[in-house]
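Chains, contacts and geometry: an overview
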Amino acid sequence: MFALRIILLCVCCAICAAPVSAKRKKPLKNIPTDTIVIPEDIIFEVMADEIAAESAGVDFTFDVSTTILGEPALDVEQMYMFVKSRNKNFKREIAEAFYHIGKRYGVRGDIALCQSILETGWFMFTGGTAVTPDQHNYCGLGVTKLGMKGHKFKSIEEGVKAQMQHLYAYACDSKLPRGEKLIDPRFSLVARGIAPTWADLSRKWAANDHYAERIMDLYSQMANFTFSDNDY
């Protein structure tokens, strides 16, 4: 009987001492941060001082609590000429796409354009941007770690639509507008309606505490921007 107890004790000790295999983690669903998770976003830091200096002289500014959904306050011409003042090769077609596709989704296309200025370095794709012009990816969509190129889209319209859909996913939980085909490959990864304002995108769309501030600083500059016939 004593020998049997010894045997049972040894068996129990062996079981307890045996290494436990790690459980496989299930893939995350509805994660709030799904796009850019690089701790320090290079292009944002490069443009930070420039944006701050330019914004210091504007007559009126806009708050980061501005909602993502809404009608644009600026027209295509204002949007186009603002970017063109810094990038003479900027295509008017891009500004038109942001304006018209934004209206289709009820997203502020005028502010979304400023988001893309930040993400692409005035659409020049320099200074540390993760994407290249041929990708038609104007918001770093799919750049989830340093060195990744992100998603590629067939055209300007498709790239802008993907961005609008992604903003739409963050801003509300409604279905896509009638007749619209899903283009955004990361739409289902967003916790729907988690970011109704631009302020809510900081540390969600991009791993940067000042993401929304810089977008709205750019928008303030664009709203205050003036041009004449000589600028064409």
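Residues numbered from 1 in each chain as written. Predicted model: local features only at pLDDT ≥ 70, side-chain atom pairs only at ≥ 80, totals over all residues. Heavy atoms only, no water.

**Considerations on the nonpolar core**
Phe98, Phe123, Trp198 and Leu201 are the most contacted members of the largest nonpolar core, which has 56 residues in total. Elements with a minimum of two residues in this core: helix 3 (76-84), helix 4 (92-105), helix 5 (109-120), helix 6 (156-171) and helix 7 (211-224). At 9 residues, helix 6 tops the list of elements feeding residues into this core. Setting aside residues no more than four positions away along its own chain, Leu201 makes contact with Ile68, Gln115, Leu167, Tyr170, Ala195, Ala206 and Tyr211. (Core = buried A, V, L, I, M, F, W, Y, C linked by side-chain atoms within 4.5 Å. Buried < 20%, exposed > 50% of the residue type's maximum accessible area, 1.4 Å probe, protein only. Helix = DSSP H or I, 4+ residues; strand = E, 2+ residues; numbered from the N terminus. Contact = heavy atoms within 4.5 Å.)

**Re helix 5**
Its 12 residues place the ends of helix 5 16 Å apart at the C-alpha level, agreeing with the 16 Å of an ideal helix rising 1.5 Å per residue. Most of helix 5 is tucked away: 12 of the 12 residues are buried. Within helix 5 the residues assigned to the buried category are Gly109, Asp110, Ile111, Ala112, Leu113, Cys114, Gln115, Ser116, Ile117, Leu118, Glu119 and Thr120. (Expected span 1.5 Å × (residues − 1).)

**Considerations on the side chain of Asn137**
Within the secondary structure layout, Asn137 lies in the loop between helix 5 and helix 6. Exposure remark for Asn137: the relative accessible area of 1% places this residue in the buried category. A distance of 3.3 Å separates the side chain of Asn137 from the backbone nitrogen of Cys139, its partner in a polar contact. (Polar contact = N/O pair within 3.5 Å; in protein donor to acceptor, adjacent residues only side chain to side chain.)

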